[in-house]
Structure formats: structure tokens, C-alpha cells
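Results of the structural survey
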Amino acid sequence: MKKITIAIDGFSSCGKSTMAKALAKEIGYIYIDSGAMYRAVTLYAIQHRLFDDAGEADIASLQEHINQIHIEFRLDPCTQQPQTYLNGTNVEQDIRTMDVSRKVSNIAAIGFVREALVRQQQEMGKKKSIVMDGRDIGTAVFPDAEMKVFVTASPEVRAQRRYDELTAKGDTCDYQDIYNNVVTRDRIDMTRDISPLRKAEDALELDNSHLTPEEQTAWLLEQFHRIAAE
Ligand code: CDP
């Protein structure tokens, strides 16, 4: 069976990372959460006070800092789950807050941020055997990926999933707030000038609104075995 590159793109909170992680584990591939990288840059900007009170980023200062932002993934030795590190510190929890979610899509629309991260993502995928999820993986990062999946689900289902995920972690959150965030990020992601979120022409489409995680993984494995055997 040949080694391939798997690109999973789609709207915010539609379970891409759950499905990408499960698939990578089953087939022994590396999993990379590209969204975590945009979140880590956003967290860096928050920590360095690069946002004003209205939430606008100081883009010129961020550009001066961009080469000092080092992001890597390390496996947690107990859970074997990838953890996001920003300049040597584990930020896996800190990048998932609503504050970061509110600011990340504007940061992800900046050209020099995308250039820096896409370069790193392409480097990570050089040896294939990788599953990467995001918004532009099948269109801009790995346009030649052998397997591309574009995931959709209704905004209500996606907001409920994110609400359940955050409350399970003990966070207090408001469903309407999350719903608004999901819809706003989709709009920014789809309308930005550089690599907007869209389905690659050769991507398989998966609406997972009514699928369990197990059904989703079974579908992905079926596609993987078909494509890798070709
Ligand atoms: O948490 P959720 O699945 O909704 O999003 P994420 O995958 O953590 O990505 C956070 C944000 O980063 C997205 O809303 C996009 O604005 C941006 N992003 C991007 O522009 N390109 C990617 N390849 C991945 C994420």
C-alpha cells in the first residue's frame, strides 16, 4: 500500500480534528492540526499585547515578531495525543479559549502569517504519511494530496458540538455566543482574499451532521484503503 497525503478541510467545529486524529491513529500516520498553529499565533499576539481594546491587531508589530514565533507538536507520553507548543510551552488548553476563537480568523487572513505557517506545514508533510486538517489543506498546502475530504454540518449541529466539548472540559459558555462565533468565522474564512475556505474540486464531500464518530471513521478508512491501494 502506498504512502499518501490526506487533507481534511471544512467549516469550523465540524469535527475535523476528531476524525483526522482517529484516522491517523488507525493507519499509523502523523496528525497535524493546522488550526492549532493559527490559534498559537493568535495566543502569542494576545500575550504580547498586540491587540487594541477594540480587538484590532497591530499587524506591523506582529510582522516584526513573526520569526520569533515557534510552533511545534509533541506527543503527550501518557495519552499519545499531540500537544501544541508555542516557543517551548504547552499551550494546548490556552489556544482553545473563546478569546482566541474570536480573534483567530482575522489573524489567519493575514498574508505573512499564512505564508509562514503554510511553509512549515508543507515541510511537515514532505515524507507523506500525514493527515492534516484545516481550511486550505487540499487547495493550498497540499494541492496534490491523494485523498481530500471536505466536511460539512449545519451551523446548529456544529455550535452544539463545540458547546458540549467546552462544557465537558468544565468551561462555562453560552450556546448563542458559540453559534455566533462559528458563523462569523465561517464568513471570514470563506471571504478572505488569500486561500479562502472552499472545497477542492477533487475533494470527497462528507456531511457528518448525523454520523457518529465511529461511522465517520469507518467511512474514512474505506476511502483510505481504496485510494492507497490504487
Ligand atoms: O476549532 P475549529 O475547528 O473551529 O477551528 P480550527 O481548526 O482550530 O481553526 C481556527 C481558525 O484558524 C479557523 O477559524 C480559520 O480562521 C483558521 N485556519 C485557517 O485559516 N487555515 C487553516 N488551514 C486552519 C485554520
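Structural data are supplied above this passage.
All of the points below concern the structure found in this document. None of the values given here were measured: they were computed from a predicted structure. (Residues numbered from 1 in each chain as written. Predicted model: local features only at pLDDT ≥ 70, side-chain atom pairs only at ≥ 80, totals over all residues. Heavy atoms only, no water.)

Here we come to the overall build of the protein chain. The number of helices and strands found in the protein chain is nine helices and eight strands. Taking 230 residues into account, the globule formula puts the C-alpha radius of gyration at 17 Å, and the protein chain, at 17 Å, falls close to it. Taken along its principal axes, the extent of the C-alpha atoms in the protein chain is 50 × 40 × 35 Å. Considering only contacts in the protein chain between residues 6 or more positions apart, those separated by 24 or more positions represent 72%. When the accessible surface of the protein chain is summed, it comes to about 11600 Å², and 49% of that surface belongs to carbon and sulfur atoms. Measuring between centres, the 28 positive side-chain charges of the protein chain sit 4 Å from its 36 negative side-chain charges. (Helix = DSSP H or I, 4+ residues; strand = E, 2+ residues; numbered from the N terminus. Rg over C-alpha atoms; globule rule 2.2 N^0.38 Å. Contact = heavy atoms within 4.5 Å. Areas by Shrake-Rupley, 256 points an atom, 1.4 Å probe, with all protein chains shown as cover. Lys, Arg positive; Asp, Glu negative; His and termini not counted. Charge placed at Lys NZ, Arg CZ, Asp CG, Glu CD.)

Another point: a negative patch on the surface. A grouping of Asp52, Asp53, Glu56, Asp58 and Glu64 is seen on the molecular surface, where their side chains present a negatively charged patch. Locating Asp52 in the fold gives a position in the loop between α2 (34–47) and α3 (59–65). (Patch = residues over 30% accessible without salt bridge, like charges linked within 9 Å, V, L, I, M, F, W, Y side chains within 5 Å. Salt bridge = Lys/Arg side-chain N within 4 Å of Asp/Glu carboxyl O.)

What follows concerns the side chain of Thr217. Position of Thr217 relative to the elements: it lies in helix α9 (residues 213–229). According to the relative accessible area criterion, Thr217 is buried, its value standing at 13%. Setting aside its immediate chain neighbours within four residues, Thr217 contacts Ala22 and Glu26. (Buried < 20%, exposed > 50% of the residue type's maximum accessible area, 1.4 Å probe, protein only.)

Okay, the sheet that holds strand β3 (residues 71–75) next. The three strands lie next to each other as β3-β4-β5, forming an open sheet whose pairing is antiparallel. In this open sheet, the two strands that pair with only one neighbour each are β3 and β5 (89–90). Pairing between β3 and strand β4 (residues 82–86): five bridges, direction antiparallel. Counted as the bridge partner of Phe73 is Thr84 from β4. Most of the contacts of α2 go to β4, to which it runs at about 35°, and overall it touches β3 and β4. (Pairing = 2+ DSSP bridges. Axes fitted to C-alpha atoms, helices over the stretch in contact; angles between N-to-C directions.)

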